[in-house]
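Descriptive analysis of the structure
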Amino acid sequence: MQHFWYQIKMMFRNPTGIFWAVVFPVILGGLFYFMFGNIGNAEQFSEIPVGIVEIQEDNMFVEILMQVETGDGISMFQTKTYKEKTEAEKALEADEVQGVILLDGGEIELVIKESSIRTSIIQTFVDQYLQNKKLIEETAMTHPERVMGLVENLNGEVQIQMTDIPLKGQDKDPYAQYFYALLAMACLIASSVGVQNGLAIQANLSPVGARRNVAPTKKMKQVLVDFAATLCIYCVLMTGVLAVLVFVYKQEFGSNVGLILLATWVGSFVGLAGGTMFSVVLKGSKSTKEGMSVVFFMVSSFLGGLQWGDITYILEKNCPIVNRINPATLMVNAFKSLSVFGDYRKYAVNLITLLLIGAIFLVISIVKLRRCRYASV
Amino acid sequence: MVVKIENLVKRYGDLVALDHFNLAIEEGEVFGLLGPNGSGKSTTINCLLSLLEFDKGKIEVFGQEMKPDSYELKKDIGVIMQNVAVFDELTVYENIDYFCGLYVKDKTERKKLVEEAINFVELSEFRKFYPKKLSGGLLRRLNIACGIAHKPKLIILDEPTVAVDPQSRNKILEGIQNLNANGATIIYTSHYMEEVEQICTRIAIMDKGKNIAIGTKDELKAMIDLGETISLEVLELSEESMTAIQGLPHVIKMTYENHLLKVKFSKGKHNLLRLLDLMKEREIGFGGVHAEMPTLNDVFLEITGKELRD
Ligand SMILES: Nc1ncnc2c1ncn2[C@@H]1O[C@H](COP(=O)(O)OP(=O)(O)OP(=O)(O)O)[C@@H](O)[C@H]1O
Ligand SMILES: [Mg+2]
């Protein structure tokens, strides 16, 4: 037990790890705050303009399209009907509409100028519609009264799909995304401290590691004690960072800030476990391992949308698996599902995935460490 | 038998660091591992402690096989590594308490042990110091305290006096003898033959990963022919006289450089007397006569053909 307190003492006496975890996000957050502060509230939600060309009439599609709403009850799409395809394409070129939907009997084709978040929402809708089309048509024939229910379902599907992609111009605060990613990065910075902990328990990487290896206390116990102490400190630090974001930078995190806080703790757990694992699994010198932990949290938060919000959208389209396992993205999604959508199920899924990833990291570290002899000391 | 090492082979790539190395250490010994830099002393210690993988061989401590999870054995071992191993962020007292805590869980007992260790290495004035503020010698003493606070039965010290001033060094050597007097078995590695001669009851001489000689210092010295080396300051010495000296009985080797005549004799009586008689006979003036008994360096030199230290 005294080792727990010694670990905490050591962290405070050599506060580099603490320093970066707090100062970096606070400074960057301040930067965001001043950069976005001016333009912040200017951009309100606006409906997505969609051009429709009915080569053959498809009333049902148009009807349903117009019924789709955002969570706040505003219509999601604004339709403009064109007689000719060329006419619609001109409008698309002139950015009057974000996409053009060609309706030709059963066929539905979406034409867009360039990929963006908004076009992806249109795409999601079209896909969902096509998937459910048969069901809706059949229901319309047999039980017309149930069609509304189905449409609502579809509506919900589209909204849930949207939680995975950053909705620039859709959120109450369009720049919240960056603050979420920032908070995610703050948690993952714990990985650099995780590496330090890992180095200090390995005989071939530090003299104290050698001393701790020849002692009769199990390695697993030593690793877990260090881990617990460091995690406690990080939980406190993240509470502080979150407080700064909420009270100083006035970020909205929805009604349940407690759960947001919990997500940052889970995030720190993943960061720490990741760092520990890097220090054990990676070949190479001390500095390689330290470097890799920095690369880890940088890349992870970049993919989470820290520097460029559209990245998660692009990944969602081309390589969705990254968004399902990248810790920073999972954290951003957890924050977002609470503060933007109030979707607890989504939040729980993200959090559990994070916990699993962290646990895997930790188990790998411990398995690798215990009972090992080193090739060279 | 406290330690038994049989046919230990350790390779680093192509380099054979330990080549069928054997060792047996009895309870109560101060056992010296003497060898030049790179001879494999630290490698032996690290294998013994199950820190290093090795290619072949068997290692037993207190009669049981030593493995990374031999926690019962590890409880009774104290280790002072060649590199100082302390936390820079903890004070002298805290460091000792930290490492002692890995062996002793009971708080009051540990407190007592830590105090004893601090007094033992005479660091009580520095208990609140951080390692960075300690001089080299004091740091080494802290390193030792961290390794022995839990009162181990077997204490392993790997070159604990490297880069230590003579005052601290003597303190350390005395301390080791005290530990031994209190019942601990000691393994002491060094490339300083004087230290090893001073404190060790038995010595193994290592070279290139092999155990080339083993015994008490007297036994080791008895292994070689050399009896004594006599040196005289001589202003002038003719070729003829040199030949005469070389002709004396028991002379192994003679050198004359910078007015210093050195004659190595094999074992035998009256060597000094005969040499002095010859000097008188030939009326060669001389001063400053020294007779040296053989050192472990001579033993090493004779077995390997090179000096222990370059
Ligand atoms: N990690 C390593 N990788 C490769 N070779 C090594 C390694 N460690 C030691 N060696 C080599 O193994 C041999 C034995 O080294 P060892 O450290 O055991 O010597 P030593 O007797 O302790 O020397 P010293 O007096 O310098 O401490 C040396 O030739 C050394 O170069
Ligand atoms: Mg060595």
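Residues numbered from 1 in each chain as written. Chains lettered and ligands numbered in written order. Predicted model: local features only at pLDDT ≥ 70, side-chain atom pairs only at ≥ 80, totals over all residues. Heavy atoms only, no water.

Overview of the pattern of salt bridges
- Taken as a whole, this structure holds 21 salt bridges over all chains when the rule is applied.
- Here B:Glu94 and A:Lys9 are joined by a salt bridge, their closest N and O atoms 2.9 Å apart. Here B:Glu94, found in helix α3 (residues 92-101), pairs with A:Lys9, found in helix α1 (residues 2-13), and the two come from separate chains.
- Assessed through its relative accessible area of 8%, B:Glu94 is described here as buried.
- Its relative accessible area of 34% is what places A:Lys9 among the partly exposed residues.
- Residues B:Glu195 and B:Arg169 are paired through a salt bridge, measuring 3.2 Å at the closest nitrogen-oxygen approach. Separated by 26 residues along the polypeptide, B:Glu195 in helix α7 (residues 193-199) and B:Arg169 in helix α6 (residues 166-181) bring together distant segments of the chain. (Salt bridge = Lys/Arg side-chain N within 4 Å of Asp/Glu carboxyl O. Helix = DSSP H or I, 4+ residues; strand = E, 2+ residues; numbered from the N terminus. Buried < 20%, exposed > 50% of the residue type's maximum accessible area, 1.4 Å probe, protein only.)

Notes on the domain arrangement of chain A
- Under the domain assignment used here, chain A contains domain 1 (2-38 + 172-370) and domain 2 (46-164).
- Taking only C-alpha atoms, the centre of domain 1 of chain A and the centre of domain 2 of chain A are 40 Å apart. (Domains from an automatic or database assignment.)

Overview of the domain arrangement of chain B
- The domain boundaries assigned to chain B delineate domain 1 (3-222) and domain 2 (229-293).
- Placing the centre of domain 1 of chain B and that of domain 2 of chain B at their C-alpha centroids yields a distance of 43 Å.

Examining the environment of B:Ser266
All names here are of chain B.
- Of note, Ser-266 is situated in strand β13 (residues 260-266).
- Judged by its relative accessible area of 17%, Ser-266 falls in the buried class.
- For the pair formed by Ser-266 and Met-193, sequence separation is 73 residues and the distance between their alpha carbons is 21 Å.

Details of the site of ligand 1
Residues and elements named next belong to chain B.
- Around ligand 1 sit 15 residues, and of these Gly-38, Lys-41, Ser-42, Thr-43 and Glu-159 come closest.
- Expressed as a share of its isolated accessible area of 630 Å², the protein-covered part of ligand 1 is 67%.
- Elements represented by at least two residues in the shell around ligand 1 include exactly β2 (15-25) and α1 (41-48).
- With three residues, α1 is the single largest residue contributor to the shell around ligand 1.
- A breakdown of the residues in the shell around ligand 1 according to their chemical character gives four nonpolar, nine polar and two charged. (Near = heavy atom within 4 Å. Areas by Shrake-Rupley, 256 points an atom, 1.4 Å probe, with all protein chains shown as cover. Nonpolar A, V, L, I, M, F, W, Y, C, P; charged D, E, K, R; others polar.)

Looking at the coordination of the magnesium ion (ligand 2)
All names here are of chain B.
- Here the magnesium ion (ligand 2) is held by Ser-42 (OG) and Gln-82 (OE1), and the distances to it run 1.8 to 2.2 Å. Note that Ser-42 is positioned in helix α1 and Gln-82 in the loop between β6 (77-80) and α3, a separation of 40 residues in sequence.
- By relative accessible area, which is 29% here, Gln-82 ends up partly exposed. (Donors = N, O, S within 2.8 Å, 3.2 Å for Na, K, Ca; no water.)

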